[in-house]
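Per-entry structural report
Single-letter residue listing:
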Amino acid sequence: MASITKRGEFQWQVQIRRKGQVLSKTFLYKNDAEIWARKTESEIDRGIFINTMEAERLTLAKLIDDYEKDVLPTLRAQSQEKSRLRAIRKELGTKILASITANSIIKYRNTRLKSLAANSVNREVTTLKRLLSYAHQDCKITLPFGVPQVKKLTCDDSRSRRVSDEEIRAICQHTDSIELPAIVKFALFTGFRRSQISRLQRSEVNLDPQSRSSRLVDTKNGTTFTAPISSGAAELLESLPKREDGFVFGLKGHGISQAFKRARDRARASYEKECKLKSVDPDERFLTDLHFHDLRHEAISRMAQRIPNVIELSRITGHKDLRMLDRYYQISTEELAAKLG
């Protein structure tokens, strides 16, 4: 039988010792304690009892603390994941794990949609589900509803933005970063992602004219592959001073995007000022809606004109899925018409 003991003025503690299990729970009312004791003992005897007590005690904020210590350091995109964890902590941190259901996640998703794009919300929901999976699989915490399954929002985040040579020149002219012009040109030569450029080391680059290439370690799709590089990229690398830390560039990750954004905004402001002096209307598209990652789209689109074989092109870009490569290959109607003759 369970023992029910009065603890303080308003607490009744239940202790159950049954089939090797020791369970304890506190209630405000004795009647609630008795009901829980009978129900739990019955479930243990029938072999259907599921111990969710840890999930009923632990808050999501405490789980996030543990996740940041155990899992976050192993991820590549740590800053982005940390930002998502802050948003989740702010909205759901006080909730206990046992109370998080599919409806809880859908409600959170709909709230975040008021201030974020659908794709960004999908990433936050993925992080939230990853947290619950960490609790269930790594921490061995039994969740009463398991890891809730919530469908991703349907969204088309593909971009068709092309980058003109005039925009590239303007950005390179309006930056206060010594490295950004070289990084921008290198991105256009190679089509490398920001993370690949950030982590590129001299030891991973082969500048031999007969086998110019760069070894890309731990790429986005989880593999390591060697990508051929153009003569232009090789000449650019040869012109750069060698760093003591072995990396090709000192500017890293988010710093590259920030430097690019600042240079883009300065270039746009200068362009608008020049248009005003000339009494002409500025082009709404020039230097607007432009991100560093668009350089990868532009680079691959330019490569595709020289290497029409998509299999060969994928060996350069590192795409395993040709459908993803199609997202990056941006060619205008005018260019297609010119090919038709």
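The structure we're discussing is the one just above.
Quick look at the structure, then. (Residues numbered from 1 in each chain as written. Predicted model: local features only at pLDDT ≥ 70, side-chain atom pairs only at ≥ 80, totals over all residues. Heavy atoms only, no water.)

**Focus on the pairing of strand β2 (residues 12-18)**
Side-chain direction in a regular strand flips from residue to residue, so the side chains alternate between the two faces of the sheet. In terms of strand pairing, strand β1 (residues 3-6) meets β2 through four bridges, oriented antiparallel. By the bridge assignment for β2, Lys6 is matched with Trp12. Where β1 hands over to β2, the hairpin turn is made up of five residues, of which Gly8 adopts a positive phi near 80°. (Pairing = 2+ DSSP bridges. Helix = DSSP H or I, 4+ residues; strand = E, 2+ residues; numbered from the N terminus.)

**A look at the packing of aromatic side chains**
Taken as a whole, this structure holds five aromatic pairs when the rule is applied. By the ring-pair criterion, three or more aromatic residues cluster together here, those being Phe186, Phe192 and Phe249. Over the ring of Phe247 we find Lys252; its NZ or CZ atom is 3.7 Å from the centre of that ring. (Phe/Tyr/Trp six-rings, centres within 6.5 Å; stacked < 30°, edge-to-face > 60°. Lys NZ or Arg CZ within 6 Å of the ring centre and 35° of its normal.)

**Section: the packing of helix α3 (residues 60-70) against helix α6 (residues 118-138)**
The geometry of a pair of packed helices is captured by two quantities: the angle between their axes and the separation between those axes. It is at 10 Å that the axes of α3 and α6 come closest, and there the two elements cross at 85°. By the criterion of interaxial angle, the relationship of α3 to α6 is roughly perpendicular. On α6, the residues touching Leu60, Leu63, Ile64, Asp66, Tyr67 and Asp70 of α3 are Leu128, Arg130, Leu131, Tyr134 and Ala135. Looking at the contact of α3 with α6, its residues break down into eight nonpolar, no polar and three charged. (Axes fitted to C-alpha atoms, helices over the stretch in contact; angles between N-to-C directions. Parallel < 35°, antiparallel > 145°, perpendicular 65-115°, else oblique. Contact = heavy atoms within 4.5 Å. Nonpolar A, V, L, I, M, F, W, Y, C, P; charged D, E, K, R; others polar.)

**Description of the pattern of salt bridges**
On inspection of all chains with the given rule, the structure shows 18 salt bridges. Between Arg161 and Glu167 there is a salt bridge, and its shortest N-O distance comes to 2.8 Å. With a relative accessible area of 3%, Glu167 lands in the buried category. A salt bridge links Lys278 to Glu274; the nearest nitrogen and oxygen atoms lie 2.9 Å apart. (Salt bridge = Lys/Arg side-chain N within 4 Å of Asp/Glu carboxyl O. Buried < 20%, exposed > 50% of the residue type's maximum accessible area, 1.4 Å probe, protein only.)

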